[in-house]
Amino acid sequence: MTARDPFPSEARDDLLVEVAVALPLFGRYTYAVPAALREMVAVGRRVLVPFGRRRVTGYVLGFAADAPAAALKQIEGLLDPDPLFPAAMLPFFQWISDYYMHPLGEVLQAALPTGINVADQQLVSLTDEGREVLPEQARTPWERAVVERLSRGACRLPVLQRLGGDDFSRTALQQWEQKGWVTRQNTLGGGRIRPKTERFVRPLTEPASQERLSAPRRALLAVLAQRGAMAVSALKAHIPTAADLVRRMAADGQVAIEWRAVYRDPLGAPITPDNPPAPTPEQQRALEGMGAAIGKGYRTFLLVGVTGSGKTEVYLRLAAEALARHTTVLVLVPEIALITQTERAFRARFGRQVALLHSGLSDGERLDQWQRIRNGEVAIAIGARSAIFAPFEQIGLIIVDEEHDDAYKQEGALRYNARDLAVVRARQAEAVAVLGSATPSLQSAYNAQIGKFERINLFERVDQRRMPEIFVQDLTDLREERGSRRFLTAALTEGVRHCLEQKEQVLLFLNRRGFANALICAACGQAVQCDRCDISLTYHQQSNAYKCHYCGFSQAAVARCSRCGSNRINRLGIGTEKLAAWIQELFPTARVARMDRDTTRRKGALVKILKALRERRIDILVGTQMVAKGHDYPYITLVGIICADLSLSLPDFRAGERTFQLLAQVAGRAGRGQRPGRVVLQTYNPLHFSITAARDQDYDAFYRQEIQFRQALGYPPFTRMVQVRITGRDQKGVIAHARRLGETGSALQQADPAYGELVLLGPIEAALARIADHHRWQLLIKGPRVAALHRFVHQLLFGPDAPTPKSGIRVAVDVDPVFLM
DNA sequence: AGCACGCCGACT
DNA sequence: GTCGGCGTGCTC
């Protein structure tokens with residue numbers, strides 16, 4: 001890319017731009033800019049370009065010095081009235097493209113608001129001749145379905161394809177076209193999300209000439225004189241017949257109608273402004289160090305604050321500091337379905353200066369929040385991982401709350417980690433990054449240890465609230481027990497009873513939903529498994545169904561054993577549904593509620609549960625890890641962790657880290673109000689350091705142990721990893737391609753001594769070998785240095801010797817994977 | 001991704 | 001002998 005003067009005088013007649021298209025292509029394409037667009041084209045602009053025999057969305061990367069050999073085409077148009085992001089963000093997107101080995105055009109598409117891109121789609125319609133002939137010519141069922149649909153009007157090709165199912169043949173359709181029965185034409189599709197505009201009325205008539213007007217017209221002008229130009233919809237509140245009246249008055253030249261952009265408002269109920277509490281001396285020290293750094297170049301701080309130490313207040317004051325220095329602030333929070341405490345706190349302190357970018361927004365609302373940021377109407381944006389792309393200029397501060405949370409890792413097509421990108425963006429913008437957590441990720445704590453980050457501690461709880469007392473209960477002795485006695489120890493049930501007597505609330509945490517997750521044939525011992533995944537099904541009592549938690553498959557719970565045909569299936573194991581039933585049986589008068597994905601799927605359901613908790617209409621809350629995130633429970637004084645080991649035994653080197661974080665976070669839910677909290681932590685591994693460290697709320701003890709284990713086994717943060725996953729319906733094809741990649745990798749490694757330090761693991765079948773009928777194999781590559789590792793993987797997948805996957809086989813790269821199963 | 005071109009098996 | 005499958009290659 002050659003960035004230069006947008007209007008180079010010597011090249012006025014052949015201005016060339018380099019463009020990335022929103023397709024899975026790594027190339028850059030050169031286009032000529034027609035004279036009419038010359039003034040408007042700029043780096044970062046979204047453009048419509050001809051590409052092959054259709055038109056697609058592209059992004060201007062820069063100006064080109066000379067044309068390539070290939071014939072040039074012209075840009076067809078600009079897609080936005082104003083640039084969607086500052087050109088200064090382009091190096092950030094380029095960095096993401098390089099680091100995560102993902103095409104730049106797709107990075108941009110993923111970063112910008114969804115639903116705005118356009119591309120040509122083929123629109124198929126019947127000709128007059130086809131209308132007569134085809135109904136008789138259509139033989140097969142799919143042909144009949146397609147012709148029936150076409151007889152009702154033109155239709156997009158992908159819609160027809162879906163209608164025709166697997167039998168659909170494009171060649172057959174081409175034939176119909178040759179015979180003159182159907183025609184195809186390109187039409188621009190997509191772009192369904194646009195800025196919202198409303199009709200506004202502006203008065204034109206001078207006051208003196210109003211006397212001749214009718215009473216309603218005079219009334220309307222009076223409202224406008226008082227309020228200024230108004231949306232027609234708002235005017236209706238004053239004058240019910242406004243819509244019609246305005247139209248007639250506009251025709252008579254008394255008012256002008258104009259379309260103006262308006263913002264869809266996602267903020268919902270207003271939040272009352274807070275009274276900033278005075279910072280504690282400890283908070284003050286933390287603020288002085290970090291606040292003074294804002295505006296003076298790049299730095300990253302790791303803010304380690306125990307629960308209740310007032311991290312949020314530190315964030316708020318830092319944000320105020322950044323605003324005072326005329327810089328903008330980006331706040332990332334873990335993705336949860338609901339507004340978080342952090343979000344609420346920022347809105348209470350900064351009001352309408354805050355833009356929201358969480359997942360609860362519609363695509364339209366999200367676009368509007370984006371535009372508010374882009375237009376400089378807000379100085380703070382707060383949101384989940386994709387908010388890292390917020391189009392701010394002059395960023396002074398990026399805060400990542402609960403930085404250890406796995407939710408910052410985006411899975412799917414472009415796999416990025418928003419926490420890592422926060423540091424990258426801060427570095428590029430010469431800003432300050434603050435990563436906050438009570439239980440930092442090993443990676444971040446290590447970065448602080450080696451001096452890449454600066455660690456700041458908050459050890460004191462505000463108001464001198466005591467940390468909860470944690471009792472570890474060994475479950476091993478109960479192994480022989482059956483049913484509820486196996487999981488509900490005397491210590492826990494006594495604690496619950498005591499709480500209920502005191503009219504206090506109880507939280508019971510079990511990291512598994514459903515009723516029973518081990519469905520074993522009573523006759524032959526065979527486990528009931530999903531047909532489409534290699535995963536045991538879980539019984540759900542409420543829906544009386546066996547469900548797969550990986551692909552969503554569900555079948556009525558009357559199935560017979562697939563091996564011996566017996567219909568006696570034992571329902572072993574435990575999930576939140578069964579736990580809630582047991583507890584209700586044990587405490588018949590208690591009001592028990594359950595909070596997991598099953599009970600909060602419906603919109604508003606989670607709010608209802610939280611509201612009932614706050615109003616003390618719930619005595620015992622049973623929940624999965626959902627309860628550990630982002631909510632305050634002021635009346636809960638007892639937390640019961642039913643089985644702390646569920647996440648400990650997963651085949652993933654981060655299992656210990658995740659378990660520690662989860663337990664420490666759940667335990668932190670106890671006693672956040674006035675009363676001190678108690679935690680009963682039940683486990684089969686009372687001596688495991690993840691458990692003992694969580695019991696002692698001792699992060700550093702956990703870190704010291706875990707970091708040794710990582711070093712000894714060569715895991716991150718001492719190495720970097722890239723996972724290559726091969727998936728497809730055809731098992732043989734998946735295995736074959738995985739092996740070819742493995743062989744290519746070995747050959748590459750032998751050929752270049754620089755790759756000697758890399759470790760290739762696999763190819764092997766993934767721990768979850770099949771999900772939704774897709775077989776999964778993987779290759780894991782480890783190395784101490786990121787440059788060599790990435791160069792190797794790039795060569796393996798995109799180099800000259802890279803094997804090309806057969807159709808139906810997909811290869812996905814996951815740089816710095818978080819979930820290894 | 002989407003679309004066209006080009007080479008091998010089952011039908012008129 | 002064609003029709004029609006989908007492997008391969010390209011898009012400024």
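Residues numbered from 1 in each chain as written. Chains lettered and ligands numbered in written order. Predicted model: local features only at pLDDT ≥ 70, side-chain atom pairs only at ≥ 80, totals over all residues. Heavy atoms only, no water.

The next point concerns the overall build of chain A. Looking only at helices and strands, one finds 23 helices and 34 strands in chain A. Over its C-alpha trace chain A gives a radius of gyration of 31 Å, about what one expects of a compact globule, namely 28 Å for 821 residues. Along the longest, intermediate and shortest principal axes, the C-alpha atoms of chain A span 85 × 70 × 60 Å. Per-residue burial for chain A yields a buried fraction of 52% across its 821 residues. (Helix = DSSP H or I, 4+ residues; strand = E, 2+ residues; numbered from the N terminus. Rg over C-alpha atoms; globule rule 2.2 N^0.38 Å. Buried < 20%, exposed > 50% of the residue type's maximum accessible area, 1.4 Å probe, protein only.)

Let us look at the protein's contact with DNA strand C. In the region of DNA strand C, 14 residues are neighbours, and T30, G52, K73, T171 and Q175 sit closest. Y31 is positioned such that a nitrogen or oxygen atom in its side chain is 3.5 Å from a phosphate oxygen of DNA strand C. Here G52 contributes a backbone N or O atom positioned 2.8 Å from a sugar or linking oxygen of DNA strand C. Counting residues per element, the ones that place at least two in the surface near DNA strand C are strand 2 (29-32), strand 3 (46-51) and helix 6 (170-178). For the surface near DNA strand C, the element with the most residues is strand 2, which contributes three residues. Counted by class, the surface near DNA strand C contains eight nonpolar, five polar and one charged residues. (Near = heavy atom within 4 Å. Polar contact = N/O pair within 3.5 Å; in protein donor to acceptor, adjacent residues only side chain to side chain. Nonpolar A, V, L, I, M, F, W, Y, C, P; charged D, E, K, R; others polar.)

Now for empty space enclosed by the protein. Summed over the entire model, instances satisfying the criterion amount to one cavity of 30 Å³ or more. In this structure, the largest cavity spans a volume of roughly 40 Å³. Looking at the largest cavity, the residues that line it are F509, N511, C643, A644, L646, S647, T659, L662 and L663. Looking at the lining of the largest cavity element by element, the count peaks at three residues for helix 19 (residues 655-667). Of the residues that constitute the lining of the largest cavity, the class distribution is six nonpolar, three polar and no charged. (1 Å grid on protein atoms, 1.4 Å probe; cavity = no way out; pocket = protein on both sides within 12 Å on 5 of 7 lines; lining within 4 Å. Points joined across faces, edges and corners; volume = space filled by probe spheres on them.)

By the secondary structure assignment, T576 is in helix 17 (residues 576-586). Those residues in contact with T576 that sit more than four places away from it in its chain are L510, R512, R513, G514, R594, D596, V622, G623 and T624. (Contact = heavy atoms within 4.5 Å.)

For chain A, the assigned domains read domain 1 (16-119), domain 2 (120-190), domain 3 (281-464), domain 4 (469-513 + 575-710), domain 5 (514-574) and domain 6 (720-815). Each of domain 4 and domain 5 has a C-alpha centre, and these two points are 26 Å apart. Each side of the interface is counted separately: domain 4 has 14 residues, and domain 5 has 14 residues. Interface area, domain 4 with domain 5, both sides summed: about 1,100 Å², of which 47% is carbon and sulfur. Interface area lost by domain 4 to domain 5 is led by R513, E577 and K578, which between them contribute 53%. Run the count over domain 4 and domain 5 and you get zero salt bridges. Here domain 4 is connected to domain 5 by eight residue pairs in polar contact (both at pLDDT 80 or more). (Domains from an automatic or database assignment. Buried area = accessible area lost by both parts, 1.4 Å probe. Salt bridge = Lys/Arg side-chain N within 4 Å of Asp/Glu carboxyl O.)

Attention now goes to helix 16 (residues 490-501). With twelve residues, helix 16 should reach 16 Å at 1.5 Å per residue; the first-to-last C-alpha distance of 16 Å fits that figure. Those residues of helix 16 that sit buried are L492, T493, G495, V496, C499 and L500. For helix 16, the angular spread of buried residues about the axis comes to 155 degrees, placing them on one side. Exposed positions of helix 16 whose direction lies more than 90 degrees from the buried face are A490 and E501. Buried residues along helix 16 sit in contact with strand 21 (505-509), helix 17, strand 28 (620-623), strand 29 (636-641) and strand 30 (678-683). (Expected span 1.5 Å × (residues − 1). Arc of directions from axis to C-beta.)

Further remarks concern the packing of aromatic side chains. Aromatic ring pairs are described here by two measures, namely the spacing of the ring centres and the angle between the planes. This model, assessed by the stated rule, comprises 22 aromatic pairs. An angle of 45 degrees between the planes, with centres 5.9 Å apart, marks the rings of F92 and F93 as tilted. Across from the ring centre of Y635, 4.0 Å away, lies the NZ or CZ of R616, which sits over that ring. Across the ring face of Y715, the terminal group of K782 is positioned such that the distance to the ring centre comes to 4.7 Å. (Phe/Tyr/Trp six-rings, centres within 6.5 Å; stacked < 30°, edge-to-face > 60°. Lys NZ or Arg CZ within 6 Å of the ring centre and 35° of its normal.)

Here we take up the protein's contact with DNA strand B. DNA strand B sits among P24, L25, R53, R54, Q122, L157, R170 and Q174. When atoms of DNA strand B within 4 Å of the protein are split into backbone and base, the sugar-phosphate part holds 62%. Within the side chain of R54, a nitrogen or oxygen atom sits 3.5 Å from a base nitrogen of DNA strand B. In the environment of DNA strand B, a sugar or linking oxygen lies 3.4 Å from a nitrogen or oxygen atom belonging to the side chain of Q122.

The strands that make up a sheet are held in pairs by hydrogen bonds between backbone atoms, and each pair lies either parallel or antiparallel. One open sheet holds the six strands; their spatial order is 20-30-29-21-28-27, and the pairing between them is parallel. A single partner strand is all that each edge strand has here, and the edge strands are strand 20 (469-474) and strand 27 (592-595). With strand direction ignored, the average angle separating the axes of adjacent strands in the sheet is 20 degrees. Taken strand by strand, helix 18 (residues 605-614) contacts strand 21, strand 27 and strand 28, and its axis lies near 140 degrees from that of strand 27. (Pairing = 2+ DSSP bridges. Axes fitted to C-alpha atoms, helices over the stretch in contact; angles between N-to-C directions.)

Taking strand neighbours across the sheet as the criterion, the four strands line up as 32-33-31-34 in an open arrangement whose pairing is antiparallel. Here the strands that pair on one side only, and so sit at the sheet edges, are strand 32 (759-771) and strand 34 (809-815). The average undirected angle you get between the axes of adjacent strands in this sheet is 20 degrees. Together, strand 31 (720-728), strand 32, strand 33 (774-783) and strand 34 form the strand contacts of helix 23 (residues 786-798), whose direction differs from that of strand 31 by roughly 20 degrees.

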